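Report on the structure
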Amino acid sequence: LDAHEEEAPEMASPDAGPAQDFERARMWEKLEGQLARLPERAARAFVLTELEGRDAAEASRILGVTPNNLWGMVRRAKKSLQESFGPVLAA
């Protein structure tokens, strides 16, 4: 994520107050921490497709994998993130 920090979505909302901005920042920190625990290519596949919005062809080319391999990595990354964020999202 650090390499694309300037491309990251805005963390502060013009309509949000300090509490919401703080919570959003905490969520991004947790996401970055959880992504760091994933295999590097799986994390990169998730970032490329889910956060940067790149299509499968472009993300596959960047990572040097087939589209099927890419979606397998993304699926595993999502599952891992859902498991780690489950308690947070349920609260």
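Note that the structure is predicted; figures quoted are calculated from it, not measured. (Residues numbered from 1 in each chain as written. Predicted model: local features only at pLDDT ≥ 70, side-chain atom pairs only at ≥ 80, totals over all residues. Heavy atoms only, no water.)

**Things to note about the overall build of the protein chain**
Helix and strand counts for the protein chain stand at four helices and zero strands. Secondary structure elements of the protein chain, listed N to C terminal, follow the sequence α-α-α-α. Residues classed as buried in the protein chain amount to 31% of the 91 residues present. Of the contacts formed within the protein chain by residues at least 6 apart in sequence, a portion of 49% connects residues at least 24 apart. Element-wise, carbon and sulfur atoms account for 52% of the exposed surface of the protein chain, whose accessible area totals about 6,200 Å². (Helix = DSSP H or I, 4+ residues; strand = E, 2+ residues; numbered from the N terminus. Buried < 20%, exposed > 50% of the residue type's maximum accessible area, 1.4 Å probe, protein only. Contact = heavy atoms within 4.5 Å. Areas by Shrake-Rupley, 256 points an atom, 1.4 Å probe, with all protein chains shown as cover.)

**Considering the side chain of Thr49**
Counting through the fold element by element, Thr49 comes out in helix H2 (residues 40-51). For Thr49, the side chain forms a polar contact with the main-chain oxygen of Ala45, separated by 2.9 Å. (Polar contact = N/O pair within 3.5 Å; in protein donor to acceptor, adjacent residues only side chain to side chain.)

**With respect to the packing of helix H1 (residues 18-37) against H2**
Where H1 contacts H2, the axes come no closer than 10 Å and their chain directions differ by 140°. Looking at the two axes, H1 sits oblique to H2. Contact with H1, carried on its side by Trp28, Leu31 and Leu35, involves Ala43, Phe46, Val47 and Leu51 of H2 and no other residues of that element. Residues belonging to the contact of H1 with H2 are distributed by class as follows: seven nonpolar, no polar and no charged. (Axes fitted to C-alpha atoms, helices over the stretch in contact; angles between N-to-C directions. Parallel < 35°, antiparallel > 145°, perpendicular 65-115°, else oblique. Nonpolar A, V, L, I, M, F, W, Y, C, P; charged D, E, K, R; others polar.)

**Observations regarding the pattern of salt bridges**
With the rule as written, the count across this model stands at four salt bridges. Residue Glu52 pairs with Arg44 through a salt bridge whose shortest N-O separation is 3.7 Å. For Glu50, the salt bridge goes to Lys78, with nearest N and O atoms at 3.6 Å. Here Glu50 is found in helix H2, whereas its partner Lys78 is found in helix H4 (residues 67-90), with 28 residues between them in sequence. Judged by relative accessible area, Glu50 falls into the partly exposed class, the value being 34%. The class of Lys78 is partly exposed, set by a relative accessible area of 34%. One connected set of salt bridges, linked through shared partners, spans Arg44, Glu52, Arg54 and Glu58. (Salt bridge = Lys/Arg side-chain N within 4 Å of Asp/Glu carboxyl O.)

**Side note on the packing of H2 against helix H3 (residues 56-63)**
One can describe the packing of H2 onto H3 by two numbers: an axis separation of 10 Å at closest approach and a directional angle of 150°. What the angle tells us is that H2 and H3 run roughly antiparallel. When you trace H2 past H3, the crossing you get is right-handed. Every residue of H3 that contacts H2 at Arg41, Arg44, Ala45, Leu48 and Thr49 is listed here: Ala59, Ile62 and Leu63. Its residues assigned to classes, the contact of H2 with H3 shows five nonpolar, one polar and two charged. (Left-handed = near helix turned anticlockwise from the far one by under 90°.)

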